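# Report on the structure
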Amino acid sequence: MAADALSIIPGAVLRNLSDKLYEKRKNAALEIEGIVKQLATFGEHEKISAVISLLTNDFTYSPQANHRKGGLIGLAAVTVGLTSEAAQHLEQIVPPVLTSFLDQDSRVRYYACEALYNIAKVVRGDFIIYFNKIFDALCKLSADSDANVQSAAHLLDKLVKDIVTESDQFSIEEFIPLLRERMNVLNPYVRQFLVGWITVLDSVPDIDMLGFLPDFLDGLFNMLSDSSHEIRQQADAALSEFLQEIKNSPNVDYGRMAEILVRRAGSTDEFTRLTSITWINEFVKLGGEQLVPYYADILGAVLPCISDEEEKIRVVARETNEELRAIKADPAEGFDIGAILSIAKRELNSEHEATRIEALHWFFTLLDRYCAEFLAYLNDIFDPLLNALSDPSDAVVLLVLEVHARIAEESHHFHHLVSYLIRTFHNNHFVLEKRGALIVRRLCVLLGAEKVYREFSTILESEVDLDFASVMVQVLNLILLTSTELGELRSPLKKSLVDSCGKDLFQSLYASWRHSPMATISLCLLAQAYNHASCVIQSLGEEDINVNFLVQLDKLIRLLETPVFAYLRLQLLEPGKHTWLLKTLYGLLMLLPQVKLLTRLCWERLYIVGFICLHSKVRPSRS
C-alpha cells in the first residue's frame, strides 16, 4: 500500500512535505489536496487510504519533527480534498492527529491543533464519534506549557463547541463520566476549560445537563475556593444558573445533591459554605418531603453554620433550620428520628452556644411531636442531656431543663433527673453554688414546686454524706424562703397547723430539712410551728454551733426582716397569743456570740426581739 501511495504522490512533494520550511510543507499539502480531490472524483478510495497510511506511518509517526509536522498538514489536506466524503476515512485520519497532541515538540502539538481544526471544519458533526477523545486532548492542551499551543487549542475548542451545539448525535450520557473524572483537576486553565464546556452544554435546549448535575456538582463547588478570582466567578455563575433551573424544574434529584451540599457546608472556605447553605436552604423549601431521608445529614450541616463567623451564613442557616423544623414528617415515611437525635446529641458538645441552643430546640420539637418514638431512644440521649445541665451558658441550662421537664412527666424519669441533679451538686459544689438556685427554681416552674421539693426531700433524707445533705438542704431552704416562684409552696406550709395538706407537705420536707438545724428552724417559723422551733433551739448542743451554723443564723435573722416573714413580725404585736414565737426569737438571740458577732451585727435586725423582751414577762437570765 505504501508503494501505491509513492506512485500516487510525486517524490518531490513528499520531500517538500518534510522540509523545515513551513512554506514548502504548505505547498506540498496543497498538491496532496489536489491529488486526493481528483482520486475522490473517480472513487479511488483504496488509493486515498494508501495515501493516508503513508502520511501516518512515514510522517506523523516519524522520529523527525519536521516529518511529523508535514504529516499533520498532509492529513488535514487529505480531509479538505475529500470534502463530503471525508467521513468514511476519519477512522484513519483522526487517531494519528490525536496522538500528536501528546508530542514532546510544542510545534508538533501546535500543528496537531491546526490540523484537527481544519479537519473539523470539513467534517463537522461527523467527527462527534471522537468527541470524548478530542475533549480529553483539549482538556490537557488547555494547560499546555506553550502559549501558542494554548491559543491554537482555544480556537479548536471554540469550533468543537459550535459543532457540538448544532449536532443531534452528541451523547451526553457518554460524555458525563469523562467530565466527572476531570472535575477534580486543580489546574486553573483546565478548570476554566471545564466550566466553559458545562456552561455551553447547559445552554443547549436538547441537552439535559440538570439531570446529570449530581455528577459534577461537587467539582463546581470545589472551584469556588480556587485562588483565581475569575474561576470562582465562573463557577459561581454556573451554579447560580443551575439553581435557577432547579427552581423551575418539576423533576430534580435532590437526594444525591443534598449529600454533596452537606459536605461542602463544612468547607473551610467561607464562600463555599455560604453557597452550599444557600443551596440547602432552597432545597429544603423546594424538596420538602423528598428530602426526608436526608434530614439528619442536612441538620448536621445546618446546626454548625448557625454559629458561623460570617453573618450571612448564620442568617441563612437559621432560616433553613426553621424551615426544617416546620416540616412535620411521618416516621412511617422514612423520617429517622434516631438519626436526628444523634445529630442533636452531637451538637450538644459544640463549642458555640447558639448551636447548642438550637440542638436543644430540636430535642424539644421531637419530644413534643413524636413523644413515643423519642422515648424509645431515651437511653442513648438521657445522660448527655443530664450532662448538659453543667453547661456554662444559663440559656442552655434553662432549655435543657425544659426538655427534662417534658421527659420527667413520667415518674421514673423524674426521679432519675432529681437523683442526677443531687449527684451533680454533690460532685461539683461550684455548680451547686452558681447554678443550684437557677436549676431548682426553673424546675419548680416547669414541674410544680411541691412535686420538685418533695422529690428532693425524699432523696436527701437517706443521703449518706451528712455534710453535703446539710448544705443542699440549706440551699433548698433559702430558695423556698426567697423565690417568688415558690410562693404557692409557702402558702400551704404557713397553714400546716390547721390544714392536712400543709401538714403532709411540712412532714415531707422536715424529713430531710433536719439535716440542717437552721433550715429546720426556718421551716418551723414558716409553718408557724413555733413550739417545735423553740424545742429545736433548746436541743442544740455545743457541737452543733459552728461557723457554718452562725453564718446560717445570720442569714435567717436577715430573712426575718423580709416580706416573707411579715406575718411573723405582725404576730409580735400580740405577744400574749404567741409566747412560743417570743421564746424562739429570744433563743435565736441567745445563740448569737455575745461579744464580737453581736456588736458586728446590725442591731436593727433585733429591734423586735428587744422590744418584746422589754414589754413582756420574758426576761433574760441573770446568768
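Remember, it's a predicted structure, so these values are computed and weren't measured experimentally. (Residues numbered from 1 in each chain as written. Predicted model: local features only at pLDDT ≥ 70, side-chain atom pairs only at ≥ 80, totals over all residues. Heavy atoms only, no water.)

Within the protein one finds 35 helices and zero strands. Radius of gyration (C-alpha) of the protein: 44 Å, far over the 25 Å computed for a compact globule of 623 residues. C-alpha extents for the protein along the principal axes are approximately 150 × 50 × 35 Å. The proportion of buried residues among the 623 residues of the protein is 53%. The contacts in the protein between residues at least 6 apart in sequence include a share of 71% that link residues at least 24 apart. For the protein, the computed accessible surface area is about 29,200 Å², with 50% contributed by carbon and sulfur atoms. (Helix = DSSP H or I, 4+ residues; strand = E, 2+ residues; numbered from the N terminus. Rg over C-alpha atoms; globule rule 2.2 N^0.38 Å. Buried < 20%, exposed > 50% of the residue type's maximum accessible area, 1.4 Å probe, protein only. Contact = heavy atoms within 4.5 Å. Areas by Shrake-Rupley, 256 points an atom, 1.4 Å probe, with all protein chains shown as cover.)

Quick look at the nonpolar core now. With 220 residues, the main nonpolar core has F216, W279 and Y453 as its most contacted residues. Considering each element in turn, this core owes the most residues, nine residues, to helix α7 (residues 106–123). Composition of this core by domain shows at least three residues from each of domain 1 (1–170) and domain 2 (531–618). In this view, W279 contacts L213, L217, F221, L239, F242, L243, I246 and L261; residues no more than four positions away in its chain are not counted. (Core = buried A, V, L, I, M, F, W, Y, C linked by side-chain atoms within 4.5 Å. Domains from an automatic or database assignment.)

Where like charges cluster on the molecular surface, the negative patch consists of E289, D330, E333 and E373. Here E333 shows up in the loop between α17 (311–326) and α18 (337–347). (Patch = residues over 30% accessible without salt bridge, like charges linked within 9 Å, V, L, I, M, F, W, Y side chains within 5 Å. Salt bridge = Lys/Arg side-chain N within 4 Å of Asp/Glu carboxyl O. Lys, Arg positive; Asp, Glu negative; His and termini not counted. Charge placed at Lys NZ, Arg CZ, Asp CG, Glu CD.)

Attention now goes to the confidence of the model for the protein. The pLDDT averaged across the protein works out to 89; a share of 93% of its residues lies at or above 70. For residues 595–605, every residue scores under 50 in pLDDT, and the model assigns this stretch 13 contacts once sequence neighbours within four places are set aside. Taken together, the stretch residues 614–623 has pLDDT below 50 and engages in seven contacts with residues farther than four places along the chain or on a different chain. (pLDDT = per-residue confidence, 0-100.)

Before going further, it helps to spend a moment on the packing of helix α8 (residues 131–141) against helix α11 (residues 188–202). Two elements in contact, α8 and α11, have axes separated by 10 Å at closest approach and are oriented at 145°. Where α8 approaches α11, its residues F131, F135, L138 and C139 are matched on the opposing element by V190, F193, L194 and W197. (Axes fitted to C-alpha atoms, helices over the stretch in contact; angles between N-to-C directions.)

Below, the discussion takes up helix α5 (residues 65–82). Taking 1.5 Å as the rise per residue, α5 with 18 residues should run 26 Å; its terminal C-alpha atoms sit 26 Å apart, in good agreement. Summarising burial for α5: 14 of the 18 residues are buried, a large majority. In the stretch just after α5, T83 is the one whose phi turns positive, near 45°. (Expected span 1.5 Å × (residues − 1).)

What follows covers the pattern of salt bridges. Applying the stated criterion across every chain, the model contains 29 salt bridges. R263 serves as the salt-bridge partner of D218, at 3.7 Å between the closest nitrogen and oxygen. You can see D218 sitting in helix α12 (residues 213–223) and its partner R263 sitting in helix α14 (residues 254–264), a full 45 residues away along the chain. On the accessibility criterion, R263 (51% relative accessible area) is exposed. Note that K577 is salt-bridged to E574, the shortest N-O span being 3.3 Å. Take K577: its relative accessible area is 63%, and that puts it in the exposed class. Several salt bridges share partner residues, and in doing so they unite D136, K140, E181 and R182 into one network.

This part takes up the packing of aromatic side chains. On inspection of all chains with the given rule, the structure shows 20 aromatic pairs. A cation over an aromatic ring shows up here: R107 above the ring of Y110, its NZ or CZ 4.7 Å from the ring centre. The ring of F414 carries K451 above its face, with NZ or CZ at 4.6 Å from the centroid. (Phe/Tyr/Trp six-rings, centres within 6.5 Å; stacked < 30°, edge-to-face > 60°. Lys NZ or Arg CZ within 6 Å of the ring centre and 35° of its normal.)

Before going further, it helps to spend a moment on the UniProt feature "repeat: HEAT" (unreviewed entry) in the protein. The sites that UniProt annotates as "repeat: HEAT" (unreviewed entry) are residues 93–128. Helix makes up 72% of residues 93–128 and strand 0%, with an end-to-end C-alpha separation of 14 Å. (UniProt positions renumbered as here; feature names shortened; annotations may be inferred.)

Here helix α26 (residues 466–482) crosses helix α29 (residues 517–526) at 25°, and the two axes come no closer than 10 Å. By the angle between their axes, α26 is roughly parallel relative to α29. With respect to the hand of their crossing, α26 and α29 are arranged in left-handed fashion. Mapping the contact onto sequence places V473, N477, L480 and L481 in α26 and A519, S522, L523 and L526 in α29. Of the residues assigned to the contact of α26 with α29, the class counts are six nonpolar, two polar and no charged. (Parallel < 35°, antiparallel > 145°, perpendicular 65-115°, else oblique. Left-handed = near helix turned anticlockwise from the far one by under 90°. Nonpolar A, V, L, I, M, F, W, Y, C, P; charged D, E, K, R; others polar.)

Quick look at helix α25 (residues 449–461) now. Look at α25: 18 Å from first C-alpha to last across 13 residues, which is about the 18 Å you get at 1.5 Å a residue. What α25 keeps buried is the set A449, V452, Y453, E455, F456, S457, I459 and L460. The inward-facing, buried residues of α25 abut α23 (411–427), α24 (429–447), α26, α27 (487–494) and α28 (500–513).

Quick look at the environment of E33 now. Relative to the helices and strands, E33 resides in helix α3 (residues 22–41). Residue classification places E33 among the buried positions, given a relative accessible area of 17%. On a C-alpha basis, the gap between E33 and V403 in space is 85 Å, while along the polypeptide they are 370 residues apart. If near-sequence neighbours (up to four positions away) are discounted, E33 is found in contact with A77, V80 and G81.

At T83, a residue that is not glycine, the phi angle is positive and equals roughly 45°. Tracing the backbone through its elements, the reader meets T83 in the loop between α5 and α6 (90–100). The class for T83 is partly exposed, based on a relative accessible area of 42%. Positive phi is not limited to glycine here, since R124 has a value of about 50°. Mapped onto the fold, R124 is located in the loop between α7 and α8.

All right, on to the side chain of T272 then. Tracing the backbone shows T272 in helix α15 (residues 270–287). Setting aside chain neighbours within four positions, we find T272 in contact with F221, L224, S225, R264 and S267.

This brings us to the side chain of R182. Looking at the secondary structure, you find R182 in helix α10 (residues 172–182). The residues contacting R182, other than those within four sequence positions of it, are D136, C139, K140 and L194.

Tallying each qualifying case throughout the model produces zero disulfides. With no disulfide of its own, C535 has C524 as its nearest cysteine by sulfur position, at a separation of 9.3 Å. The class for C535 is partly exposed, based on a relative accessible area of 39%. (Disulfide = S-S within 2.5 Å.)

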